[in-house]
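Each chain, written out:
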Amino acid sequence: MHILPFVVVAWILAVGLYGVVTSRHLVHQIVCLIVVQSSTYVLLLAVGYVTGAVAPYFYDIPVHTPAVDPVVQALALTDVVVEAAVTALLLAFAIQAHKRFGTLDPQELADFKG
Amino acid sequence: MTGVVAVTTPYSVPVPLMDALQVTVLVLVAAGATAVVLTRRPVRQVIVLSAYGLMLAILFMAFQAPDVTLSELTVGGVALPLLLLLALAKVRKKEE
Amino acid sequence: MTPSARRWAFLIAGAGLVAFYLWGLTGLPGFGDYPGPYGFILNQVAVGQTKATAVVSAINFEYRGFDTVGEEFILFVAAAGVSVVLRHLRGERDRSAMDEALGRGAAPTSDAVRMVALVFTGPTVVIGWYLATHAQTSPSGGFQGGVVLATAFILIYLSGQFLMFKRVSPVALADAAEAVGAGGFALVGLSALPLSMPYLSNVLPLGHTPGAIDSSGTIALISLFVGVEVAAAFVLIVGELLEQTLLVRQEGG
């Protein structure tokens, strides 16, 4: 249990990268990139966890209750929303590539020049 | 200042129970990621991605991060599958 | 490079990366033994200093507000980038929305989907607005609220009416809303400069009760602007992709 979350992060990263490298369809590649990004969210939250503590919201619990690290949660939170917009930009590129070259296979696209 | 061992608030769960929950959800997330990558057809992959997003949201809840859970639920459950399906509809129309 | 050679190259390099990573893991404190003082200090002083009970939002919009400005502009640029990349290439023409709507041979949307989408549009707007305005109280905030608000517009499209979607959220209005959101955030930060305080200082009154609606000064205001901006950005992106799918046609077929 001490290192299980970090091992899971490494697994998700490796699996996602394998999907990106061996993909034959641009949209499949983009979804594997989403999986790679999700591994970073898990890593951020796993680093900040304190055993036995509660979420850092003190609306109805006393202020000095031990709580988990709020900084990494703030980072992960904006991360999730912004990466969705960047994925939309990648999808726009994929659509234009399909219009221009007629194929969505990254290994065929690599052979085109310009 | 080091970490705490166990704390009793009205909202905390006993530590072994939380451990068991976290281990279960971590294994499910790893399996979900593998399933997303191994699904080769993009339209099916979008559905599996949606389920993976739900699994991630449960994991973030188990890590005591409700804000991140909210973000992941809305983005991974609605926005991302919609964007992907729209892009797929556009390229499929060209192929016909 | 043949596919199998590529696969082998990746497996060898990936094994090296994972080995390096696992070796690095042995030097980390274990899961749950968070040692760093930053998180503990923030948990103890944040409520007293900013009168906001949601420490994560206080960090996002107050202690590390400058990073959030950067992230929000990433979102802004990504939405603009989608509009630029999906511009009309040579040889494409844009059928008018009215022609397309009448002549499309797609299957009509089922009544169940329409009813559910219509019924849920109102509550979605309310929930999105609640999330965007209660950043300092509970787990909510501009980013989540903005995405939920954008979902309400998507529900309007799903209930079968692309024309209604275009009328309710024309591109000019969404552009203006996005600009108001992003510019508003930057301006709230600038408003601290004439009072000779650093950029993005909290200059509004902090209120009495931690977590009440009028507490925490600029945090609530910034969260509102961020919510408007994120909603507008997502509506723009989805509108662009919808236009591509439904309206843009290659010349001659």
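Look a little higher up for the structure.
Quick caveat: nothing in here was measured; it's all calculated off a predicted structure. (Residues numbered from 1 in each chain as written. Chains lettered and ligands numbered in written order. Predicted model: local features only at pLDDT ≥ 70, side-chain atom pairs only at ≥ 80, totals over all residues.)

A. The arrangement of the interface of chain A and chain B in detail. Facing the 46 residues of chain A at the interface are 43 residues of chain B. Contributions of two or more residues to the side of chain A that touches chain B are made by helix H1 (4–21), helix H2 (26–47) and helix H3 (70–101) of chain A. With 12 residues, the top contributor of residues to the side of chain A that touches chain B is H3 of chain A. Each residue belonging to the side of chain A that touches chain B can be placed in one class, and the counts come to 35 nonpolar, 11 polar and no charged. (Contact = placed C-beta atoms within 7 Å. Helix = DSSP H or I, 4+ residues; strand = E, 2+ residues; numbered from the N terminus. Nonpolar A, V, L, I, M, F, W, Y, C, P; charged D, E, K, R; others polar.)

B. How the structure looks around unusual backbone geometry. Residues other than glycine seldom take positive phi values, yet Gln64 of chain B does so here, at roughly 60 degrees. Its location among the elements puts Gln64 of chain B in the loop between helix H2 (42–62) and helix H3 (66–95). The exposure class of Gln64 of chain B is buried, given the 24 C-beta atoms found within 10 Å. Within the chain, Lys51 of chain C stands out as a residue other than glycine whose phi angle is a positive 55 degrees. (Buried ≥ 20, exposed ≤ 12 C-beta atoms within 10 Å, placed from the backbone.)

C. Fine view of the interface of chain A and chain C. At the interface, 42 residues of chain A touch 47 residues of chain C. Those elements that provide at least two residues to the side of chain A that touches chain C are H1 and H3 of chain A. For the side of chain A that touches chain C, the leading source of residues is H3 of chain A, giving 17 residues. For the side of chain A that touches chain C, a count of residues per class yields 32 nonpolar, eight polar and two charged.

D. Representation of the nonpolar core. If you look at the biggest cluster of nonpolar residues, it comprises 131 residues, and the most contacted ones within it are Leu45 of chain A together with Ala87 of chain B. Sequence-distant contacts of Leu45 of chain A, that is, excluding residues within four places in its chain, are made with Val72, Gln73 and Ala76 of chain A together with Phe60, Phe63, Ala65 and Val68 of chain B. (Core = buried A, V, L, I, M, F, W, Y, C linked by C-beta atoms within 7 Å.)

E. Here's a closer look at helix H1 (residues 3–25) of chain C. Over its 23 residues, H1 of chain C extends 32 Å from the first C-alpha to the last, a length consistent with the 33 Å expected when each residue adds 1.5 Å. Across the 23 residues of H1 of chain C, zero count as buried, placing the element largely on the outside. (Expected span 1.5 Å × (residues − 1).)

F. Just the packing of H2 of chain A against H3 of chain A, in detail. Residue and element names in this part refer to chain A. Remark: H2 packs on H3, axes separated minimally by 10 Å, with the N-to-C direction vectors making an angle of 170 degrees. Classified by the interaxial angle, the pair formed by H2 and H3 is roughly antiparallel. Contacts between H2 and H3 involve Leu26, Val27, Ile30, Ile34, Gln37, Tyr41, Leu44, Leu45 and Val47 from the former and Val72, Gln73, Leu75, Ala76, Asp79, Val80, Glu83, Thr87, Leu90, Leu91, Ala94 and Ala97 from the latter. Of the residues belonging to the contact of H2 with H3, the class tally is 16 nonpolar, three polar and two charged. (Axes fitted to C-alpha atoms, helices over the stretch in contact; angles between N-to-C directions. Parallel < 35°, antiparallel > 145°, perpendicular 65-115°, else oblique.)

G. Representation of the environment of Ala192 of chain C. All names here are of chain C. With respect to the helices, strands and loops of the structure, Ala192 is situated in the loop between helix H9 (171–190) and helix H10 (218–246). For Ala192, a count of 17 C-beta atoms within 10 Å corresponds to the partly exposed category. Counting along the chain gives 10 residues from Ala192 to Asn202, while the straight-line C-alpha distance between them is 7.5 Å. Other than its neighbours up to four places away in sequence, Ala192 contacts Met197, Pro198, Tyr199, Leu200, Ser201 and Val203.

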